[in-house]
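What follows is the residue order along each chain.
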Amino acid sequence: MKYKIYTLSARAVLSYAKERNDGIYSISLNSTATEKCRVYSALHEQEDNALFFQTMCVLHGNDFQIPSEQNLITDLSDILFYMDFAEIFDRDPKQKRYADRQKKAESMFRPEGVTLDFGTSPHRYLAFERSGNMSRNARLSFIREDFYVPVRQRIMLNMKIGRCQLSKLYAYNGLMLSGGVRIDGVDIDRPHRVIVVANNEFQRTSNVITVEENGGTESMRKYKRVKKNETFTVMEFDGEGIIAKGYAKTIDKAYCGKHIHTSFQIRMPYVKGMLHEVDFKDFLHEYGTKEITDIWGVRHPVEDVDIILTKSMFKGYGWLTENQMTWEDYWEAFRRYRHALYITNVSKEKPQKFTELNYQFLNTVSMKAEEFRPPDLPDGWTESPESDSRNWLTKQTETEYYRLCADSEYRRQHFLSALSLRGIDKNSRPYLLGQILKKNPSFIGESVYADELDALAEKVCRNYSMGILRIAGDNRFLSGDLLRFLTLLIDPDIRKMNTAQRRHYAALSALTFKGNSFYAPKAAYERPETCTLLRSPHIARNEEILLRPYGKEEALRKYYLGHLSDVVMVDSEMYAAERLGGADYDGDMIKTIADPVLNACVQRNYDFESQLDNTSNMPFLKIPAAEPRICDADDWHARFETVKNTFSSRVGQISNAALDRGIIAYNENSDAAEQERCREETETLAILTGLEIDSAKSGVKPDLSEYLGQSDFKRNLFLKYKYLIEKNSGRSQWYEPTPREKLETFIQSTDWSKVDSNLERLPYLAYKLKACTPKIKAKPASDSELFSFAADPAWKDSLDPSLLSLTENIIREYHSCLNRIRISKAPVKNRQKKNDMERILFSRGQEESYTIDELYTAFSILEPEHISQLRNMLREQEWHMMDAGERECFLRDNLPEDIFDDYGRLLCDFRFGGYRILGDLICDIDDENKNQERRRLIRDGDSDLMSVMIESYQTKLPAESYREATAKGCRRYLEQYISPSLAVRYAVALGKREFIWDVLLDKAAENVRVPEVRRD
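Fair warning: this is a prediction, and the values are worked out from it, not measured in the lab. (Residues numbered from 1 in each chain as written. Predicted model: local features only at pLDDT ≥ 70, side-chain atom pairs only at ≥ 80, totals over all residues. Heavy atoms only, no water.)

(A) Region of interest: helix 32 (residues 852-860). Here helix 32 lies mainly inside the structure; eight of its nine residues are buried. Within helix 32, burial applies to I852, D853, L855, Y856, T857, A858, F859 and S860. (Buried < 20%, exposed > 50% of the residue type's maximum accessible area, 1.4 Å probe, protein only. Helix = DSSP H or I, 4+ residues; strand = E, 2+ residues; numbered from the N terminus.)

(B) Structural context of the sheet that holds strand 6 (residues 72-73). With mixed pairing, the three strands of this open sheet are ordered in space as 5-1-6. Since the sheet does not close on itself, it has two edges, and those belong to strand 5 (45-47) and strand 6, each with one partner. Strand direction decides the pairing type here: strand 1 (residues 2-4) and strand 6, joined by two bridges, are parallel. Counted as the bridge partner of K2 is L72 from strand 6. (Pairing = 2+ DSSP bridges.)

(C) A look at the sheet that holds strand 15 (residues 220-235). Taken in spatial order, the four strands make up an open sheet running 30-14-15-32, and their pairing is mixed. Strands with a single pairing partner mark the edges of an open sheet, and in this sheet they are strand 30 (620-621) and strand 32 (701-702). For strand 14 (residues 201-216) and strand 30, the ladder comprises two bridges, and the chain directions are parallel. Its bridge partner being in strand 30, V208 is matched across the sheet by F620.

(D) Fine view of the packing of helix 26 (residues 717-726) against helix 27 (residues 739-748). As a packed pair, helix 26 and helix 27 sit with axes 10 Å apart at the nearest point and diverge in direction by 165°. If you check the angle between helix 26 and helix 27, you find them roughly antiparallel. Our pair here, helix 26 against helix 27, has a crossing hand that is left-handed. On the side of helix 26, the interface is formed by L717, K720, Y721, L724 and I725, while helix 27 contributes K742, L743 and F746. Residue composition of the contact of helix 26 with helix 27, by class: six nonpolar, no polar and two charged. (Axes fitted to C-alpha atoms, helices over the stretch in contact; angles between N-to-C directions. Parallel < 35°, antiparallel > 145°, perpendicular 65-115°, else oblique. Left-handed = near helix turned anticlockwise from the far one by under 90°. Contact = heavy atoms within 4.5 Å. Nonpolar A, V, L, I, M, F, W, Y, C, P; charged D, E, K, R; others polar.)

(E) Region of interest: a positive patch on the surface. Where like charges cluster on the molecular surface, the positive patch consists of K258, K350, K353 and R422. Relative to the helices and strands, K350 resides in the loop between strand 22 (341-346) and strand 23 (354-357). (Patch = residues over 30% accessible without salt bridge, like charges linked within 9 Å, V, L, I, M, F, W, Y side chains within 5 Å. Areas by Shrake-Rupley, 256 points an atom, 1.4 Å probe, with all protein chains shown as cover. Salt bridge = Lys/Arg side-chain N within 4 Å of Asp/Glu carboxyl O. Lys, Arg positive; Asp, Glu negative; His and termini not counted. Charge placed at Lys NZ, Arg CZ, Asp CG, Glu CD.)

(F) Highlighting unusual backbone geometry. Unusually for a residue other than glycine, E87 sits at a positive phi of about 65°. Within the secondary structure, E87 sits in the loop between strand 7 (80-84) and helix 4 (96-107). Of the residues examined, E87 reaches a relative accessible area of 31% and is grouped as partly exposed. Positive phi, normally seen in glycine, also occurs at N158, with a value near 65°. Within the fold, N158 resides in the loop between helix 6 (145-155) and strand 11 (163-164).

Structure, rendered in structure tokens:
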């Protein structure tokens, strides 16, 4: 289920800001202006979440029930919206235009908010909350003024919060915006069912590389790199808890209808983290423990407990205490406001055999050329790379590409494998495609099969060029040793145990997690001697750890934990999580790399003989805890500063700066002194990345002026290529090379024989792999080879002309509808001539006197017909040839008086090509007006079929593509006039087989011609 929630561009909204006499900006938009500010590339649909439910309860009353038949709920479309602050706070305010933009944006956060009209009537909206994902994308929700207080009261459980770490309040209130599945009817609020226990902590001392404060301001701190021996606190099981076996089954059935998951990422008010299914009741019974004591000192009967949270999962503990509320008060408010458990992620059903390596890790690994890719290998493959007995890093990726392009049997098995999947829906598209191909192998030449294989091969090749390589391993949730978690729950008073229980307890106390190992139950990959564990972002070598797969697991461990097939457990004693870039256990995904070549390369960074020692080999990068900023939660300006600091995230810029240095630091061919300097800076930037990420909670950002914007580092080839690839989807100006031409120029203009960095060579290797690996050319078979009804040479003679015409019209309208939807979804290149106008103003020294945004705003008020008429008049009356007097007369005759008074002098100034300003403005606004009309889904004069298909698209399920939804509507209409099985014949007769694969796939399966088996 989704909600209709509009996303507006803050830049567009700010162009309508009006400065008051007191220097403050007011923002008030009518319905036309509001519509123009929508981000057209956004779907304006959001997944269900707790905040939307709470808002619906305020709108419809506390007894509101989620509609069972409605896939897209529009009730909140004029109550909540998202504001996209891209290119607002992440720009340098030293430039006046960016400073002005940020000053205007500040007005949005004032108590009076902004006034917008979403088509119902004007309303005032106030800045509200944002999820972690929204923070990373610089988006903030705004809520209608009359909903602000009641909704905030509900999500904050009626707690009063004064001075606090405001960034954390934003982060934890924002948990309500995490998309997930609401789990109702499971009595989660039953007394004793959910309890909170303390996290065990201990002190450790180790060699670390960290940073220390070295000046700066309250919100922007300077840091210096230090290497030292430091004592620090290790928190066990930070962000994870456990769920009883029986209750996990109940939760999973409510989530998906069956019990197939064993790990759940959850959200509740001020609660977040992971729950892993463990039969702790049986375990504690074995040791005579009948009660568990929570963080408030309350004892709970084990048999009544179903979920054990750790204190680190309960983010509201401090605020609950400040409000003199108990755990029972929490649940009373939980019930009163109809909160629920939300599941935001679950374990995979089957363990993976392969994972994907990213370019960041590839850059840090110590790898020789023959390990990466032997130089004597061919550029492309005419036979499988598996025919070469050697092993190298890119072999799996190149093998997969070859198979998808040139291995006939592998291409067939890609589709046939769906037939053997357990529990697959036999009406699903993958199953039907497999069934058709099994009946008649000649269908492999059809576009529906060839296009899918080509797309997969293209994806493999593109990923190859971007450093995403297929290797043995998997992705799992990071966890501490859950057997130790269980042990900490045991009542250690042996006087309460019988003789057998004491004996079991003594044996358990002697059982320890095997040193320098990891435990990954039911791993599907071949177990090498060692594996590398890492997480993203990965910048420096110090952020990876090399561990041995757990040896023969103890019977107790296997019995209680052996089913957790999507978890990788590590020992807290070796602070593995801290070494993984400050990871925790609340849902962080960890890559386990089982590729022997890669692990041998990582092993070179370790100094050991017989014992792998991860605690003393390579100093780990420790992210210090910044002293947080404490502010008043009701201070609008403090809330603005918090959002401003969060939305100015520079993680991407830091990563790029680190990569520039890392390529030098980890390249053995680099100058030794330069290599050492770059290594230290890379490690420092890895730590500063952690501080930048943590600033969303701490409110304190690191000063990066020393590293960003420096010109002494040449931008590496890989990042140049990555930039070209990311821009490849955009359209070029008529005078520019196409994106494809730019990529081709990049490849051809580089002397690749002089490039010795493995990472930088990737684009070239992928280019050659694609160019030099022959592909099977799909050749569609004839109708008579594929369809049973076409066996008779005269089959078309019996077709009804009226039904043929009907089918032709339906197919034409179907493709017209798809085209209309694609246009509505396509990103719009607004204001393409803006740069030209900015150049003219700058050349004339007028960039401080006028802003382009204010010019667009002023002229956007004109009616579309007026704008279109002006465009024609500029061309017909040759505006660019007019003298000064003619220009003034033209503007007075054709522009409103207020626009002429404000901008007439500017527009009449033809210096530095100034005649183009008026034309640029008019052309851009006219194009925008026309695009808005072209992007409308519902239009006057639409046929019944078009209306049915558009409605089907607008009410589609979240998992459906626009094409699937449109096909469903088309099929529903078609069935009223012609049998779908019969329609297959008419579509084939019209030569429109693509329509069959979209709309009539199940009926195509019924009409497949099964080739006769020749018996020699």
